[in-house]
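Close look at the chain arrangement
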Amino acid sequence: MDFSGFPGLAGKTAIVTGSTQGLGADIARGLAAAGANVVLVGRNAKAGEALAKALGERALFCETDIGEDAQIQACIDAALARFGRLDFLVNNACQYADRGLASSREEWHRTLDTNLVSAAIFTQLAAAHLPRGGVVVNLGSTGGKFGAAGRALYPASKAALLQITKNFAVELAPAGVRVLAVSPAWTWSPSVEQLSGGSRQAADAVGAHFHPLGRVGSGEEIAAAVCFACSDAASWMTGVDIPVDGGFSILGPDRGISPRVWFKELMPDDGA
């Protein structure tokens, strides 16, 4: 995918949390390809340093526990020291562990702290350095919009993240800072790769049941949406969610299939 056509990204600096692997790494690659300096944030130093080396001089890895305010501030300071500016913050870091109704108080606190509270604090501390035209992008999810048995922590955290996107957009608008969300559906990522046994074909076959476009998404497609959100092309957008989900969110429980088809499956014509 060509990332060179997003206006206003070249020479700017972006912090991407949870960017040592998976979707975060794809987003970081996309922003770098669009000409931005990228600060990689995570706790896997080996993976982070390797990705920074692959991206070149315009990339910096900051080993950071986003559950610690002082470490968040140190990461922001390192970005400013290296690149002299901070223009974009992408809150991507996320925990997926979820036991639904059976989840303990500790599990609730741990997930909400990573997926929601840390994103809020990172935004709070970064906002002081974002110029007019700065952008915060929160990674939402279709999981934060619909019900699902056996899950609660992840969906609740993503629903709340979509809500604070609206609140922070209003609060930061007078400073000329935009706040947007990008919500993927099923995307080829370490979790989907594990579920599918490493088969993209299998993932697409299963995903076709829930995505009108007939497959799961790719990380670079999510990255392109993030680049768009940060770019001048989206300069009149704030406080909204951009669904990048292959049509997942337009379907109801019937998966867009006519009642006639469902009844035919239930009561097939036996030719009698």
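An account of the accompanying structure is given in this report. (Residues numbered from 1 in each chain as written. Predicted model: local features only at pLDDT ≥ 70, side-chain atom pairs only at ≥ 80, totals over all residues. Heavy atoms only, no water.)

**Considering helix 7 (residues 200–207)**
Let me state the cut-off plainly: Residue burial is assigned from relative accessible area. The probe radius is 1.4 Å, only protein chains are included, and a residue is buried under 20% of its type maximum, exposed over 50%, and partly exposed in between. Counting from the N terminus, the helices are DSSP H or I runs at least four residues long and the strands are E runs at least two residues long. Relevant arc is that of directions from the helix axis to the C-beta atoms, nothing else. By the convention used here, residues are in contact when the closest approach between their heavy atoms is within 4.5 Å.
Looking at helix 7, one finds that the buried residues are Ala 203, Asp 204 and Gly 207. One side of helix 7 carries all its buried residues, which in axial view fall inside an arc of 95°. Along its buried surface, helix 7 packs onto helix 6 (190–195).

**Some details on the pairing of strand 2 (residues 37–42)**
Here is the rule: By the convention used here, strands pair only if DSSP detects at least 2 bridges between them. By convention, a crossover is right-handed whenever its connection, traced from the first strand over the helix to the second and viewed with the strands pointing away, goes clockwise.
Within strand 2, 6 of the 6 residues are buried, leaving the element largely enclosed by the surrounding structure. In this sheet, strand 2 lies alongside strand 1 (residues 13–17) in parallel orientation, the contact comprising 5 bridges. Following the sheet pairing, Val 16 is matched in strand 2 by Leu 40. In the classification by handedness, the crossover that spans strand 2, the intervening helix 2 (residues 45–55) and the parallel strand 3 (residues 59–63) is right-handed.

**Observations concerning unusual backbone geometry**
Non-glycine residue Arg 255 carries a positive phi angle of around 60°. Following the sequence through the fold, Arg 255 ends up in the loop between strand 7 (241–244) and helix 9 (259–266).

**What to know about the pattern of salt bridges**
Put simply, the test is: Here, a salt bridge means any Lys or Arg side-chain nitrogen found within 4 Å of an Asp or Glu carboxyl oxygen.
One pass over the full model with this rule turns up 7 salt bridges. One salt bridge in this structure joins Glu 107 and Arg 99, with 3.0 Å as the shortest N-O distance. Assessed through its relative accessible area of 46%, Arg 99 is described here as partly exposed. For Arg 215, the salt bridge is made with Glu 221, and the minimal N-O distance between the two is 2.7 Å. Among the residues examined, Glu 221 registers a relative accessible area of 25% and is labelled partly exposed.

**Comments concerning the sheet that holds strand 6 (residues 178–184)**
Counted only if it meets this: For every element, the axis is a line fit to its C-alpha atoms; helices are fit only across the contacting stretch, and the angle between N-to-C directions ranges from 0 to 180 degrees.
Taking strand neighbours across the sheet as the criterion, the 7 strands line up as 3-2-1-4-5-6-7 in an open arrangement whose pairing is parallel. Because the sheet does not close on itself, it has two edges, and the strands there are strand 3 and strand 7. Put simply, the sheet's adjacent strands are angled 20° from each other on average, direction ignored. Packed on one face of the sheet, helix 1 (residues 22–33) meets strand 1, strand 2, strand 4 (88–91), strand 5 (135–139) and strand 6 and runs near 170° to strand 1. In this fold helix 2 packs onto strand 2 and strand 3, with an angle of close to 170° to the strand it touches most, strand 3.

**Notes on the side chain of Asn 37**
Topologically, Asn 37 is positioned in strand 2. For Asn 37, a relative accessible area of 9% puts it in the buried group. Those residues in contact with Asn 37 that sit more than four places away from it in its chain are Gly 11, Lys 12, Thr 13, Ala 14, Arg 58 and Phe 83.

**Describing the state of the cysteines**
Here is the rule we go by: Here, a disulfide means two cysteine sulfur atoms that sit within 2.5 Å of each other.
Following the criterion strictly, the structure yields 0 disulfides and no others. A disulfide-free cysteine, Cys 75 has its sulfur positioned 4.1 Å from the sulfur of Cys 62, the nearest such atom. Not part of a disulfide, Cys 94 finds its nearest cysteine sulfur in Cys 75, a span of 18 Å.

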